[in-house]
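# Summary of the model geometry
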Amino acid sequence: MGNSQGQGKKALVIGGGAPNSTLIAGALAAFLSEGVEFDVISASGAGVLMGLLYTAPRDASPREALMRWAEVGVADSIYKLFPVNYKVFKKPGSQAESYRDSMMAQLKTLPSMGVNPFAEIFTHHFAEASAKWNDWMHLLMSALSPSDLNSGSLGLCAHLPFLEQSIDFDTVARMGPEFYINAYNIDRHRMQVWGKREITAAHVRASLSFPFLYAPTEIDGENYIEGAALDTLNFNPFIPGANGEPPLHDDVDTLVVLDILGEDRLIRKPRNLYDAWVRSIITPLVKISKAEQRLFELEHNTDPATGKPRRKMLKVDLMKDVPQQHWPEILDWSSSNMQLLFDVGYRAGLEFCRTHGDALGVQERAAPLAA
């Protein structure tokens, strides 16, 4: 990916937020469908994973990788009984890691179920039943997994054990756009930004080490937590350094923002104790995200001499078409929610591309609305 149409440089900022991240995945899939390319991508939190699925997926096309992310939700029938995404949040410890490796090795030796002779008639129902069976199997494996979690542990979960199976880190440094991620150094008390030539799996884990969920990630003897816990949007490549250094990218003409946190409707009465805990994480991030965008626009994207924007700043309205009755469930890890949000994000991405086609270098053409 990169600017190949002779227009001004375009940048994409992908914000944090995990449970509703399929909104972002859907929008990125729409960008792929419309042939939108970016010269710079800057990501934080869950946006780091979405950005890497978009640019450097392993054993899949970017579109396939983004659509697969919509499948990490838990079957609704299970989620109603046990509202935790055990497919993403794994038990920590060396025993749990050995157990997972052993179980995956054994599963690979099992014979294939073969072709369903009724597939043409019952394709949808068979696929749905297969997905539920798969989720029940994952729940059983997770329940039986050993763990060394104790009162002295620094986080609840293992650090993304599926990461290397999802991202091709050998290609990250060679990807077309410049790519940046952030993490907060808790030893030096400062935000750290890494570019694509520095990024390894450890750096991605650091950028996703949200406090309490994950222990801080140690890199070169220093400890890091998720950058999105403090800066939900990584605008750092586009602002001057602390000592007056020029921005890394002051030549960007169009800045596109994918934000799923700066929305007041995320702050609402919880449905249960687990939902209250999730919203206790999200609530402060809503205001942080809104404040970050205002600050960037006023201080770093407005020319003080003329009062005009330094560059065109466009935000994709990702949540516009979320059904009103669905808002209480928007942070659920259920299969239905994650797929619904992917479809909403995809349609929002298509509409955005058609509205701002000139700025994005998109040639007008028909494209299906269905993801």
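Residues numbered from 1 in each chain as written. Predicted model: local features only at pLDDT ≥ 70, side-chain atom pairs only at ≥ 80, totals over all residues. Heavy atoms only, no water.

### Regarding the overall build of the protein chain
Secondary structure assignment for the protein chain yields twelve helices and eight strands. For the protein chain, with 371 residues in total, the buried portion stands at 48%. For the protein chain, the proportion of contacts with a sequence separation of at least 24, taken over those separated by at least 6, is 74%. Accessible surface computed for the protein chain: about 18000 Å², of which carbon and sulfur atoms make up 56%. (Helix = DSSP H or I, 4+ residues; strand = E, 2+ residues; numbered from the N terminus. Buried < 20%, exposed > 50% of the residue type's maximum accessible area, 1.4 Å probe, protein only. Contact = heavy atoms within 4.5 Å. Areas by Shrake-Rupley, 256 points an atom, 1.4 Å probe, with all protein chains shown as cover.)

### A word on the environment of Val257
Position of Val257 relative to the elements: it lies in strand E7 (residues 252-258). Distance from Val257 to Lys315, taken between C-alpha atoms, is 4.7 Å for residues 58 residues apart in sequence. In contact with Val257, other than residues within four places in its own chain, are Val13, Leu233, Phe235, Gln293, Met313, Leu314, Lys315 and Val316.

### Some details on helix H3 (residues 62-69)
Taken residue by residue, H3 has Ala65, Leu66 and Trp69 as its buried positions. Burial along H3 is one-sided: seen end-on, the buried residues are contained in an arc of 95°. The inward-facing, buried residues of H3 abut helix H1 (22-34), helix H2 (46-55) and helix H11 (335-355). (Arc of directions from axis to C-beta.)

### Focus on the pairing of strand E2 (residues 40-43)
Neither face of E2 is exposed, since Val40 and Ser42 on one face and Ile41 and Ala43 on the opposite face are all buried. With four bridges joining them, strand E1 (residues 9-14) and E2 adopt parallel strand pairing. Pairing of Leu12 across the sheet is with Ile41, part of E2. Summarising the sheet, E2 and strand E3 (residues 178-185) pair through four bridges and their orientation is parallel. (Pairing = 2+ DSSP bridges.)

### Some details on H1
What sets the pattern is the α-helix's 3.6 residues per turn: residues three or four places apart point alike. With 13 residues, H1 extends 18 Å between its outermost C-alpha atoms, agreeing within 8% with the 18 Å of an ideal straight helix rising 1.5 Å per residue. The buried fraction of H1 is high, at eleven of 13 residues. Burial in H1 covers these residues: Thr22, Leu23, Ile24, Ala25, Gly26, Ala27, Leu28, Ala29, Ala30, Phe31 and Glu34. Phi turns positive one or two residues past the end of H1, at Gly35, with a value near 75°. (Expected span 1.5 Å × (residues − 1).)

### Comments concerning the packing of H1 against H11
Interaxial distance between H1 and H11 falls to 6 Å at its minimum, and their mutual angle equals 40°. For the element pair H1 / H11, the angle class is oblique. Viewed along their axes, H1 and H11 form a crossing whose handedness is right-handed. Residue-level contacts link Thr22, Leu23, Ala25, Gly26, Ala27, Ala29, Ala30, Phe31, Ser33 and Glu34 of H1 to Met338, Leu341, Phe342, Val344, Gly345, Tyr346, Gly349, Leu350, Phe352 and Cys353 of H11. Class assignment for the residues of the contact of H1 with H11 results in 14 nonpolar, five polar and one charged. (Axes fitted to C-alpha atoms, helices over the stretch in contact; angles between N-to-C directions. Parallel < 35°, antiparallel > 145°, perpendicular 65-115°, else oblique. Left-handed = near helix turned anticlockwise from the far one by under 90°. Nonpolar A, V, L, I, M, F, W, Y, C, P; charged D, E, K, R; others polar.)

### Re the nonpolar core
Counting residues in each nonpolar core, the largest one holds 88 residues, and the members touching the most others are Leu12, Leu28, Phe31, Trp69, Val204, Leu258 and Leu318. Counting residues per element, this core draws most heavily on H11, at nine residues. Once residues within four sequence positions are removed from consideration, Trp69 is found in contact with Ser21, Thr22, Ala25, Leu49, Met50, Leu53, Val88, Phe162, Trp333 and Met338. Judged by nonpolar contacts, the second largest core, of twelve residues, contains Val13, Leu233, Phe238 and Val257. (Core = buried A, V, L, I, M, F, W, Y, C linked by side-chain atoms within 4.5 Å.)

### Some thoughts on unusual backbone geometry
Of note, the phi angle at Asp59 is positive, near 55°, even though the residue is not glycine. Along the chain, Asp59 turns up in the loop between H2 and H3. According to the relative accessible area criterion, Asp59 is exposed, its value standing at 67%. Phi is positive for Asp220, which is not a glycine, with a value near 55°.

### Quick notes on the layout of surface pockets
Of the pockets and cavities examined, the second largest pocket occupies roughly 660 Å³. Lining of the second largest pocket is provided by 37 residues; of these, Ala18, Phe89, Leu213, Tyr214 and Trp333 occupy positions nearest its centre. Mapped onto the lining of the second largest pocket, the elements with two or more residues apiece are H2 and helix H10 (273-300). It is H10 that provides the largest number of residues to the lining of the second largest pocket, a total of six residues. (1 Å grid on protein atoms, 1.4 Å probe; cavity = no way out; pocket = protein on both sides within 12 Å on 5 of 7 lines; lining within 4 Å. Points joined across faces, edges and corners; volume = space filled by probe spheres on them.)

### Side note on the packing of aromatic side chains
Scanning the model with the defined rule gives nine aromatic pairs in all. Measuring from ring centre to ring centre gives 6.2 Å for Phe31 and Phe352, while their planes differ by 45°; the resulting arrangement is tilted. Here the residue Phe31 occupies a position in helix H1, and Phe352 occupies one in helix H11, the gap between them amounting to 321 residues. A relative accessible area of 0% places Phe31 in the buried class. (Phe/Tyr/Trp six-rings, centres within 6.5 Å; stacked < 30°, edge-to-face > 60°.)

### Describing the pattern of salt bridges
Any two side chains of opposite charge can pair, on the condition that their charged atoms come close. As enumerated under the stated definition, the model contains 17 salt bridges in all. Among the ionic contacts, a cluster of salt bridges with common partners joins Arg271, Asp275, Arg279 and Asp332. (Salt bridge = Lys/Arg side-chain N within 4 Å of Asp/Glu carboxyl O.)

### Quick word on the pairing of strand E8 (residues 312-315)
In terms of strand pairing, E7 meets E8 through four bridges, oriented parallel. Bridge assignment links Val256 to a residue of E8, and that residue is Leu314.

### Some thoughts on the packing of H1 against H3
Interaxial distance between H1 and H3 falls to 9 Å at its minimum, and their mutual angle equals 160°. Taken together, the axes of H1 and H3 lie roughly antiparallel to each other. Of the two elements, H1 crosses H3, and the hand of that crossing is left-handed. Every residue of H3 that contacts H1 at Thr22, Ala25, Leu28, Ala29, Leu32 and Ser33 is listed here: Pro62, Arg63, Leu66 and Trp69. Tallied by class, the residues present in the contact of H1 with H3 amount to seven nonpolar, two polar and one charged.

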